[in-house]
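For reference, the chains in residue letters:
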Amino acid sequence: MRVERGRTERWPARPSAWNGHISRINSVAYHPDGLRLVSGSSDMMVRIWDAETGAPIGEPLKGHTNAVESVAYSPDSQYVISGSRDCTIRIWDAETGASVGEPLEGHTNIVSSVVYSPDGRHIVSGSWDYTIRIWDARSRAPVGEPLKGHTHRVASVAYSPNGRHLVSSSWDETIRIWDVNNGAPVGEPSMGLTSRLGSVVYSPDSRHIIPGFFNSAIRTRNTETGNPIPEILEGDPSWARSVAYSPDSRHIVSGCNSGVIQIWDVATGAPVGGLLKGHTKRVNSVAYSPDGRHVVSGSSDKTIRIWDVETGALVDGRYIVSAGDNTIQVWNADTGTPAGESLKTHTERIFAVAYSPNGLHVVSSSEDNTIRIWDAQTGAPVGEPLKGHTDDVNSIACSPDGRYIVSGSRDNTIRIWDAETGAPVGEPLKGHTHYVLSVAYSPDGRHIVSGSFDKTIRIWEVETGASAGEPLVGHTHSVYCVSYSPDGRHVVSGSSDNMIRIWEVKTGASVGEPLEGHTNSVYSVAYSPDGLNVVSGSADDTIRIWDVETGAQVGEPLKGHTNDVLSVAYSPDGRHVISSSCDYTIRIWDVEARALVGEPLKGHTDFVWSVAYSPDGRHVSSGSSDKTVRIWDANTAAPGADSMIQVFNTEITGNAILLDLRPDQSGWVRHPSGGLLFWIPESCRSGLTCAATLTIPTDGYSRVVRLDPSGACFGASWEQIKD
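Residues numbered from 1 in each chain as written. Predicted model: local features only at pLDDT ≥ 70, side-chain atom pairs only at ≥ 80, totals over all residues. Heavy atoms only, no water.

A. Seen up close, unusual backbone geometry. Even without being a glycine, N498 presents a positive backbone phi close to 75°. Along the chain, N498 falls in the loop between β43 (490-495) and β44 (500-504). In this structure N498 comes out as partly exposed when scored by relative accessible area, which is 22%. One non-glycine residue, R594, adopts positive backbone phi at about 55°. Relative to the elements of secondary structure, R594 occurs in the loop between β51 (586-590) and β52 (595-596). Given a relative accessible area of 23%, R594 falls into the partly exposed group. (Helix = DSSP H or I, 4+ residues; strand = E, 2+ residues; numbered from the N terminus. Buried < 20%, exposed > 50% of the residue type's maximum accessible area, 1.4 Å probe, protein only.)

The following block contains the structure:
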């Protein structure tokens, strides 16, 4: 990690990029006074930010059950409104963050755009159900019938500044203007547009409308005639996804699919200055500050950026920036960087790892009967180990809201833990008659599913700790793995009977026939994010993908591992699958191409039991029998690339490092970095069972001889060193 410091006298007052959302940012809007910002993201959350410092204000606003597509402030700044892919609209108290009343329901598809009327009395929404709806902001009741006319998805809606009209843009390649009082269309729709439309806005003087197109052209239209004004604003050759007028109507800003932003002169149609570059993925939303001095942008790269309109520069801040592993971390220059503690290891093999939903922590479980929480950025342990199990902790999972951790153990019990305090929540869940091998939360966090060595699957009520119904019975051997479908309606399980089964949660019935194809135990299963496929990893060294609806295998097995595949997981975008194995490696696979991406990730010196993607898909965590948790950059799995970011494995005191001295399969004892230290003859390896002490039995069988390195010789050509 590199730390860059600017001259203190030149530090301004904002961070260059604001990180907090864990998925793409779809919408941003300024507070009427310009001092705050609101953002909506595919992580289902709404966040409010201090526009001066970039600091988040309060906790995220949670309630939507799918991506937040659009956000806006009320004119009096008391409320925030959000529209979502869950087909609802929510109103929030801007000061407290509390949800105001019930969601507004009526749309039958994604709510793509929401905005307040200038007087704050009404809300208008546009939807992929082809309709526009007007709502009473106080009573939250719909006003009249939906406005119908578009023949495809409504992409964007906006009020005229005088509040008399609405404008809408659609994927049917038309713009329509509506009379607010009677809901009737004003004139004919703007036809002849040769591309689907994105954002649409009124000029502050109500005279013009400007839409953004899929083909990147931006053309201003007269609101009286609907005709285009001659100048066409064309710049970056990618979709102008979002557009906004400056408060004085003299400029337009556009955000593009390519990640760049352009400011335009309305009078001449010419670009003002160069392209604003900084985002690494498409820009989904742009907005001017009320004073017109800044532009804010939200992007699929999960960051919010603020730009100086006059200079085109990113507005940086009084911060120290650490850069590395494809991430940017902002640190407060007044308090300094976080003081990382010594890294403390699990004392035995690590069986499972999981990311917290916000991506800030990694959780690990071990053969040492404990669970540990780590800071994903610094590698520092968070709090003390979670203790309570009396045997190996085989599996862990975080609740969807991040408040709890569930663990399954060889002691036949399941425990729930408070992720904040580390305290156990209630009594252990008991019912299995043998080892608990796998646990998972339902998407709504209300249930837990567990798989056991006793050949059964159980579903538990989180609130009461009671078993929900009878065990699911069908496997003829141990159930090694379980996972919920994204919609929570089904559970998939894998077993040492070589079978995969899908179960209906409500009835407990097996859905269709078992998925057959593996020739050895199935150790890991996971649903794709869209719920259409399941991926499985097996002791037959292969990974297989299955069609959930038909039960058929999709394509040929993914082959490359040279030993048992212990863990598999989908990337959050569903484009990749990651796998770990007894061959000590981690592999990333392209789902569509069914090919390995780059080289295997190497560094672990023993079985890699568990892998997990970070919620943003940029990192991968892994847990191994070598007692380490490692974090990898998911985007640098290429030949020669340095993918490893963090290793949580040793306690460092001064210059001394406590090493795990057990040899690998070929007999080499390695440094934690993977370098070779020395080789142990095969006849002597059977005695090496202690991780902290290397013993070489003189007769090949005794286990009581300790290595004395005091007379060791070292050299570049070690094979030539004698006596």
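That shown, we press on.
B. Inspection of the sheet that holds strand β48 (residues 558-559) at higher detail. Judged by pairing direction, the sheet is antiparallel, and its four strands sit side by side in the order β45-β46-β47-β48 without closing on themselves. The sheet is open, and its two borders are formed by β45 (522-527) and β48, each paired with just one other strand. Of the pairings in the sheet, the one linking strand β46 (residues 533-538) to strand β47 (residues 542-547) comprises five bridges and is antiparallel in character. For V535, the partnering residue across the bridge sits in β47 and is I545. (Pairing = 2+ DSSP bridges.)

C. Quick peek at the pattern of salt bridges. In the structure shown here, the tally under the stated rule is three salt bridges. The residue E69 makes a salt bridge to R85 at a minimum N-O spacing of 2.9 Å. Linking E69 in strand β7 (residues 68-73) with R85 in the loop between β8 (79-84) and β9 (88-93), this pair joins segments that are 16 residues apart in sequence. Classification of E69 as buried rests on a relative accessible area of 17%. Measuring nitrogen to oxygen at the nearest pair gives 3.8 Å for the salt bridge that ties R410 to D391. One end of the pair, R410, is in the loop between β35 (404-409) and β36 (413-418); the other, D391, is in the loop between β33 (386-387) and β34 (393-398), with 19 residues separating them in the sequence. Taking relative accessible area as the criterion, D391 reaches 25% and is therefore assigned partly exposed. (Salt bridge = Lys/Arg side-chain N within 4 Å of Asp/Glu carboxyl O.)

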